[in-house]
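The lines below spell out each chain.
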Amino acid sequence: MGCSKWRAAFNFGHLKVQSKLSVFFTMIILFIYLFYCLNGYCDSLPRPVYDQQSNLQNKIILKDGQETEQLGAYNAPPVSFVREQLSDLTNSDSTSNNISIANNFGSKKFPQAIIIGVKKGGTRALLEFLRIHPDVRAVGAEPHFFDRFYEKGLEWYRNLMPRTLEGQITMEKTPSYFITKEAPRRVFSMSRHTRLIVVVRDPVTRAVSDYTQTLSKSPGLPSFQNLAFRNATTGLIDTSWSAVRIGIYAKHLENWLRYFPLSRFLFVSGERLVTDPAGEMGRVQDFLGLKRVVTDKHFYFNQTKGFPCLKKPEGSSRPRCLGKSKGRPHPQIPSEVLLRLRDFYRPFNLKFYQMTGHDFGWE
Ligand SMILES: Nc1ncnc2c1ncn2[C@@H]1O[C@H](COP(=O)(O)OS(=O)(=O)O)[C@@H](OP(=O)(O)O)[C@H]1O
């Protein structure tokens, strides 16, 4: 009897020690987890690539700092390259860098929507217009992941993204993706659900715009017609010149359609983005499943610049136009050169209208 009492007491004591130990270990595990999360490692844990499709309907508002700073922190493209892109944003309100309210909330996700092209189409304007939407968070500079930095890996790419809360859309723009052969397959392997936005503009004007940009960096550049023609007498167009090649939209789109159905694309008219920014933004917001928050109230036409500007850009309370490199005057190109180029593009344009089911009205 005495012996069994003693055994019971012993068992009870043993149980008490055991439960104390398990509480102790649970506390240690919780403490380690908490410490780990506080150091920001939780949301950098690898996740399945396909789990990034958030519900585009439930929206939560979040304000944050400038994403372009984050590019520097993650072994990003060269500083000069990022600086060049930042100069696209004129009057960049330096104080907005400090209004970083919710920098550590949310998590970095792969973009659910990408502006993939086209170069000189109006991609910067579109991204800046979208960034005033509270449910859109975007990288400021062009990441160039699917063309130049693919070997850095998907985690590198995800780390470039701003943090988002549930229901917010992560975006980026890199216009060269549209003409990069490997880009469709690479984007598809990140997520087959990615929404793809292409801002297109009359390929002739686009080519002149492209040439104007190169000329601004290399003033000794040969004339437009020298570069555009392989043979000036026969009028044979040099399709190896990138300013010409980029404008053959149908050819590049074919490449994308091998991976994505047409329903994944939205084609934005670069011309209408200038003449009716609110109308075009309405289409974009619908496509992204966003509430139509960006409306004509957000724009005003700046007579000096000759382009629509934002009354209140993201992170700023002052009106802002895009930078000097956007909407610059083009050099005069002989009309017969432009006419020849127009003839060259006509069949490709018609094909593009057929493929997209949209007549962009380029003559
Ligand atoms: N609101 C507003 N403000 C200024 N510029 C505007 C705007 N909307 C569209 N655009 C047109 O955008 C053209 C530049 O296109 P991108 O931003 O795609 O260029 S880039 O590929 O990122 O270099 C740019 O081309 P250029 O006129 O040749 O400079 C503009 O015509």
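This structure is a prediction, so every number in the text was calculated from the model and none was measured. (Residues numbered from 1 in each chain as written. Predicted model: local features only at pLDDT ≥ 70, side-chain atom pairs only at ≥ 80, totals over all residues. Heavy atoms only, no water.)

The next point concerns the packing of helix α10 (residues 249-257) against helix α13 (residues 335-356). Between α10 and α13, whose axes approach to 8 Å, the crossing angle comes to 35 degrees. Together, Y249, A250, L253, E254 and L257 of α10 and F348, K351, F352, M355 and T356 of α13 make up the contact between the two elements. Here the contact of α10 with α13 is composed, by residue class, of 7 nonpolar, 1 polar and 2 charged. (Axes fitted to C-alpha atoms, helices over the stretch in contact; angles between N-to-C directions. Helix = DSSP H or I, 4+ residues; strand = E, 2+ residues; numbered from the N terminus. Contact = heavy atoms within 4.5 Å. Nonpolar A, V, L, I, M, F, W, Y, C, P; charged D, E, K, R; others polar.)

Taken from the UniProt record, the annotation "active site" (unreviewed entry) applies to K120. Within the secondary structure, K120 sits in the loop between β2 (113-117) and α4 (123-130). The residues contacting K120, other than those within four sequence positions of it, are R201, R206, S209, D210, Q213, S325, K326 and R328. (UniProt positions renumbered as here; feature names shortened; annotations may be inferred.)

Further remarks concern the nonpolar core. Membership of the largest hydrophobic core comes to 32 residues, with the highest contact counts inside it found for I116, F146, Y157, Y177, W256, F265 and F352. Those elements that place two or more of their residues in this core are β2, α5 (154-160), α6 (183-190), β6 (195-200), α10, β9 (265-269) and α13. Ranked by residues supplied to this core, first place goes to α10 with 4 residues. If we skip the residues at most four places from it in the chain, F352 touches V200, Y249, A250, L253, F267, F360 and W362. L130, I132, I169 and L266 belong to the second largest nonpolar core, which has 27 residues in total. (Core = buried A, V, L, I, M, F, W, Y, C linked by side-chain atoms within 4.5 Å. Buried < 20%, exposed > 50% of the residue type's maximum accessible area, 1.4 Å probe, protein only.)

Here R158 is to be found in helix α5. Look at R158 and you get buried, because its relative accessible area is 2%. Of the polar contacts made by the side chain of R158, one reaches the backbone oxygen of K108; its length is 2.6 Å. (Polar contact = N/O pair within 3.5 Å; in protein donor to acceptor, adjacent residues only side chain to side chain.)

With that settled, consider the site of the ligand. Taken together, 25 residues are adjacent to the ligand, and T123, K173, S209, G327 and H330 come closest. Taking R124, its main chain carries an N or O atom lying 3.0 Å from an oxygen atom of the ligand. Contact between the ligand and K326: an oxygen atom at 3.0 Å from a side-chain N or O atom of the residue. Per-element accounting of the shell around the ligand gives the leading share, 4 residues, to α4. Each residue belonging to the shell around the ligand can be placed in one class, and the counts come to 8 nonpolar, 8 polar and 9 charged. (Near = heavy atom within 4 Å.)

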